[in-house]
Amino acid sequence: MAITATSPTVFQLKLFNGDFFPKTHRFASSPLSSSPIRRRIICQSTSTEKPKSRNVLDNASNLLTNFLSGGSLGAMPTAEGAVSDLFGRPLFLSLYDWFLEHGSVYKLAFGPKAFVVVSDPIVARHILKENAFSYDKGVLAEILEPIMGKGLIPADLDTWKQRRRVIAPGFHALYLEAMVKVFTDCAERTTFKIEKLLEDEHAKENIELDLEAEFSSLALDIIGLGVFNYDFGSVTKESPVIKAVYGTLFEAEHRSTFYIPYWKLPFASWIVPRQRKFRKDLEVINDCLDGLIKNAKETRQETDVEKLQQRDYANLKDASLLRFFVDMRGVDVDDRQLRDDLMTMLIAGHETTAAVLTWAVFLLSQNPSKMKKAQDEIDAVLGNGRVTYDSLKKLEYVRLIVVESLRLYPQPPLLIRRSLKSDRLPGGYKGEIDGYQIPAGTDIFVSVYNLHRSPYFWDKPHEFEPERFLVQRISEEIEGWSGYDPSRSPGALYPNEIISDFAFLPFGGGPRKCVGDQFALMESTIALAMLLQKFDVQLRGSPEEVELVTGATIHTKSGLWCNLRRRKRVAANDSLT
């Protein structure tokens with residue numbers, strides 16, 4: 001987190017900027033535990049601790065906020081953040097404390113700007129769905145534009161409408177079914193690598209491995225094959241393209257936390273060493289994508305969307321999304337836009353999946369009975385076999401583990417929006433009956449973390465309970481919220497914002513919801529199932545030793561180091577086959 005000066009008088013709070021952003025904030029704790037100390041980190045009540053003393057800088061910051069923007073948001077409850085809160089502790093944890101103190105909609109006063117923080121599904125539904133086109137992603141586009149250009153995440157509204165009509169049909173049912181084989185093949189690379197390491201270390205019963213790094217490589221291989229028919233092979237090797245991908249992520253992190261945007265100065269990309277490297281990294285990735293786009297266009301077979309969706313994807317040599325986009329009739333998109341689309345999917349899809357798997361294993365390692373329940377289901381459904389689309393549908397508990405991990409560790413913890421015109425937000429639960437008037441240009445944080453851990457909309461909100469998603473919750477006492485009801489989305493493999501009426505937003509909601517949600521959930525489920533099918537997993541050390549790095553996605557600082565042991569049941573069965 002940092003306050004970045006974009007001009008002498010305008011500052012922008014670069015906090016988890018939007019629906020996707022690389023690692024930025026670091027803190028040491030284990031956020032899910034019965035330990036009183038660690039539990040206070042999660043749901044710390046301001047009433048049980050002495051107020052944090054404000055220094056001169058903090059007081060000046062709040063006075064400036066009140067003077068410049070305090071009156072524009074009317075009588076909205078105000079949380080006066082200390083500038084010192086920007087460092088040493090992730091702000092989304094402070095946002096949770098202030099949510100418990102000030103309510104579901106409040107003004108956050110920081111420096112010369114005020115931000116509206118939303119922690120209520122009724123208000124989130126208004127912003128993301130009911131009045132979605134009155135908001136854009138604000139500062140998000142400014143940070144991501146050098147990398148993603150006009151990809152779906154940072155795109156302006158007109159570009160988004162045009163590209164959404166092209167991209168969304170690509171994630172159709174037959175494509176997702178065909179991707180199960182891609183997910184399984186890539187996950188087998190990871191399990192085979194672990195098995196080989198165990199064989200090489202034959203004198204030991206287990207090995208130590210950073211599973212976060214392995215999940216990161218796995219996710220990159222899946223995105224490469226599924227989106228643009230390119231095999232990174234990152235599970236087993238390194239390449240200039242892989243290094244360039246990570247280089248762009250690190251540079252985005254740097255830009256989010258540096259005070260002065262020196263990279264906008266003339267010739268900075270040629271003079272400053274790290275900016276030269278960033279420019280070269282982009283050139284490597286763009287050259288790779290340009291080559292793939294050129295090859296796809298040279299073999300273009302133009303046809304209607306309906307016929308594209310009816311192709312025999314299970315037997316196609318190239319079932320990638322790039323092939324779908326290039327072959328779509330009536331869409332004569334330029335190479336730059338295609339490259340922006342592919343870059344967005346590459347970065348966003350890679351980061352989110354790696355994070356989901358990391359925290360799923362972290363949570364299961366602290367709940368051995370739930371890990372055993374998952375392995376029992378995997379044994380009953382798969383035995384020693386591979387995952388198919390039909391067997392994926394039977395892995396109900398494993399799917400629920402994935403979504404519960406997303407509830408506790410949302411990716412991202414915040415969604416960023418900016419009002420394009422004046423609007424009146426609903427008051428939400430326990431808020432003002434008449435709601436809150438906001439002017440055009442208001443920056444809003446929809447706190448997914450707060451929504452997912454709200455004590456008003458979830459029972460035992462800080463507990464890891466995958467089973468919670470099987471239970472209907474009727475909430476007649478909360479006017480405007482229709483509760484949690486799986487029957488509202490019949491046939492859905494995974495709980496979503498419809499079932500929860502916007503209390504659960506792992507991929508956003510409304511028109512600008514992530515189009516790749518099912519892709520990400522399915523690959524995460526398959527990868528987790530195949531890992532637990534073959535291996536028993538334990539954390540190396542205690543949960544408290546896992547240090548977190550948070551940005552739009554929540555990662556570890558130094559990896560998720562685990563002890564992996566080949567499951568005896570699997571080993572016994574393998575010896576018979």
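Rules used in this analysis
- Residues numbered from 1 in each chain as written.
- Predicted model: local features only at pLDDT ≥ 70, side-chain atom pairs only at ≥ 80, totals over all residues.
- Heavy atoms only, no water.
- Helix = DSSP H or I, 4+ residues; strand = E, 2+ residues; numbered from the N terminus.
- Buried < 20%, exposed > 50% of the residue type's maximum accessible area, 1.4 Å probe, protein only.
- Contact = heavy atoms within 4.5 Å.
- Areas by Shrake-Rupley, 256 points an atom, 1.4 Å probe, with all protein chains shown as cover.
- Axes fitted to C-alpha atoms, helices over the stretch in contact; angles between N-to-C directions.
- Parallel < 35°, antiparallel > 145°, perpendicular 65-115°, else oblique.
- Nonpolar A, V, L, I, M, F, W, Y, C, P; charged D, E, K, R; others polar.
- Phe/Tyr/Trp six-rings, centres within 6.5 Å; stacked < 30°, edge-to-face > 60°.
- Lys NZ or Arg CZ within 6 Å of the ring centre and 35° of its normal.
- Patch = residues over 30% accessible without salt bridge, like charges linked within 9 Å, V, L, I, M, F, W, Y side chains within 5 Å.
- Salt bridge = Lys/Arg side-chain N within 4 Å of Asp/Glu carboxyl O.
- Lys, Arg positive; Asp, Glu negative; His and termini not counted.
- Polar contact = N/O pair within 3.5 Å; in protein donor to acceptor, adjacent residues only side chain to side chain.
- Pairing = 2+ DSSP bridges.
- 1 Å grid on protein atoms, 1.4 Å probe; cavity = no way out; pocket = protein on both sides within 12 Å on 5 of 7 lines; lining within 4 Å.
- Points joined across faces, edges and corners; volume = space filled by probe spheres on them.
- Core = buried A, V, L, I, M, F, W, Y, C linked by side-chain atoms within 4.5 Å.
- Expected span 1.5 Å × (residues − 1).

Novice: How would you sum up the overall build of the protein chain? Please name residues and give values.
Specialist: Scanning the protein chain from terminus to terminus reveals 21 helices and 16 strands. Out of the 577 residues belonging to the protein chain, those deemed buried represent 59%. If you take every contact in the protein chain between residues at least 6 apart in sequence, the share linking residues at least 24 apart comes to 75%. As displayed, the protein chain has an accessible area near 23600 Å², and 54% of this comes from carbon and sulfur atoms.

Novice: I'd like to hear about the packing of helix H15 (residues 368-382) against helix H20 (residues 517-534), residue by residue, with values.
Specialist: Relative to each other, H15 and H20 sit at 95 degrees, their axes nearing to 9 Å. Classified by the interaxial angle, the pair formed by H15 and H20 is roughly perpendicular. For the pair H15 and H20, the contacting residues are Met371, Ala374, Gln375, Ile378 and Leu382 in the first and Ala529, Leu532 and Gln533 in the second. A per-class count over the contact of H15 with H20 returns six nonpolar, two polar and no charged.

Novice: Tell me about the packing of aromatic side chains, residues and numbers included.
Specialist: Throughout the structure, instances matching the rule amount to 25 aromatic pairs. Consider the rings of Phe228 and Phe232, whose centres lie 6.2 Å apart with planes at 80 degrees: the pair is edge-to-face. The residues Phe228 and Phe232 share a single accessibility class, namely buried. Consider the rings of Tyr262 and Trp263, whose centres lie 5.3 Å apart with planes at 70 degrees: the pair is edge-to-face. Site record: aromatic cluster; members linked through ring pairs are Phe92, Tyr96, Phe99, Tyr429, Tyr449, Tyr456, Phe457 and Trp481. Sitting over the face of the ring of Phe133, Lys161 holds its NZ or CZ atom 4.8 Å from the ring centroid. Above the plane of the ring of Tyr409 lies Arg453, whose end atom (NZ or CZ) is 6.0 Å from the centre.

Novice: Just give me the short version of a nonpolar patch on the surface, but keep the residues and values in it.
Specialist: Taken together, the side chains of Phe267, Trp270 and Ile271 define a hydrophobic patch exposed on the protein surface, amounting to about 420 Å² of accessible area. With respect to the helices and strands, Ile271 occurs in helix H10 (residues 268-271).

Novice: Account for the side chain of Arg399, naming residues and giving values.
Specialist: You can see Arg399 is positioned in helix H17 (residues 396-408). Here Arg399 occupies a buried position and makes no salt bridge, while the nearest side chain of opposite charge, Glu396, is found at 5.1 Å. Among the polar contacts listed, one links the side chain of Arg399 to the backbone oxygen of Leu392, at a separation of 3.0 Å. A polar atom in the side chain of Arg399 sits 2.9 Å from the backbone oxygen of Leu493. For Arg399, the contacting residues outside a window of four places in its chain are Leu392, Lys393, Lys394, Leu493, Tyr494 and Thr525.

Novice: Quick rundown of unusual backbone geometry? Include the residues and the values.
Specialist: The peptide bond linking Gln411 to Pro412 adopts the cis configuration, its omega dihedral lying at 15 degrees. Residue position: Pro412 is located in the loop between H17 and strand E9 (414-419). For Asp501, which is not glycine, the phi torsion reads 50 degrees and is therefore positive. The residue Asp501 is located in the loop between helix H19 (497-500) and H20 in this model.

Novice: Please set out the sheet that holds strand E8 (residues 206-210) residue by residue, giving values where relevant.
Specialist: Strand pairing in a sheet takes place through backbone hydrogen bonds and is either antiparallel or parallel in direction. The sheet built from three strands is open, its strands ordered E8-E16-E13 with antiparallel pairing. Two strands in the sheet have a free side with no partner beyond their single neighbour: E8 and strand E13 (535-539). Between one strand and the next, the sheet's axes are offset by a mean angle of 30 degrees, whatever the strand orientation. Bridging between E8 and strand E16 (residues 561-566) involves five bridges; their strand directions are antiparallel. From the neighbouring strand, Ile207 faces E16, where its bridge partner is Leu564. Here H20 sits on the sheet and contacts E13 and E16; the angle it forms with E13, its principal contact strand, is near 100 degrees.

Novice: Describe empty space enclosed by the protein, listing the residues and the values that go with them.
Specialist: With a probe scaled to a water molecule rolled over the atoms, the places where space remains empty come into view. All told, the structure shown has eight cavities of 30 Å³ or more when counted by the stated rule. Here the largest cavity defines a volume of roughly 540 Å³. In terms of lining residues, the largest cavity is bounded by 34 residues, among which Ile153, Ala348, Cys514, Val515 and Gly516 are the most central. For the lining of the largest cavity, the elements supplying multiple residues, two or more each, are helix H6 (157-167), helix H8 (211-228), helix H14 (335-365), E9 and H20.

Novice: Break down the environment of Ala173 for me, citing the residues and quoting the values.
Specialist: When you line up the elements, Ala173 lands in helix H7 (residues 173-200). Overall, the relative accessible area of 52% leaves Ala173 in the exposed class. When the C-alpha positions of Ala173 and Gln309 are compared, they lie 8.1 Å apart, and in sequence the two are 136 residues distant.

Novice: Summarise the nonpolar core; cite the residues concerned and give the values.
Specialist: Counting 140 residues, the largest nonpolar core has Leu108, Leu528 and Leu564 as its most contacted members. If one sorts the elements of this core by residue count, H14 sits on top with 16 residues. The contacts of Leu564, once residues within four sequence positions are left out, are Ile194, Leu198, Glu205, Asn206, Ile207, Leu209, Leu211, Leu531, Phe535, Asp536 and Val537. One finds Met76, Leu425, Ile444 and Val446 within the second-largest nonpolar core, a separate group that totals 19 residues.

Novice: Tell me about H17, and please be specific about residues and values.
Specialist: Helix length check: H17 (13 residues) gives 19 Å between terminal C-alpha atoms against 18 Å at 1.5 Å per residue, within 8%. Within H17, twelve of the 13 residues are buried, leaving the element largely enclosed by the surrounding structure. Those residues of H17 not exposed but buried are Tyr397, Val398, Arg399, Leu400, Ile401, Val402, Val403, Glu404, Ser405, Leu406, Arg407 and Leu408. Close packing links the buried residues of H17 with H14, H15, helix H16 (389-394), helix H18 (448-452) and H20.

Novice: Residues and numbers for the pattern of salt bridges, please.
Specialist: A complete count under the given rule lists 37 salt bridges for this structure. A salt bridge links Arg311 to Asp327; its shortest N-O distance comes to 2.9 Å. With Arg311 in the loop between helix H12 (305-308) and helix H13 (321-327) and Asp327 in helix H13, the pair connects residues that are 16 residues apart, well separated along the chain. According to the relative accessible area criterion, Asp327 is buried, its value standing at 0%. Among the salt bridges present, the one from Asp318 reaches Arg323, with a minimum N-O distance of 3.6 Å. Arg323 gets classed as buried once you look at its relative accessible area, which sits at 11%.

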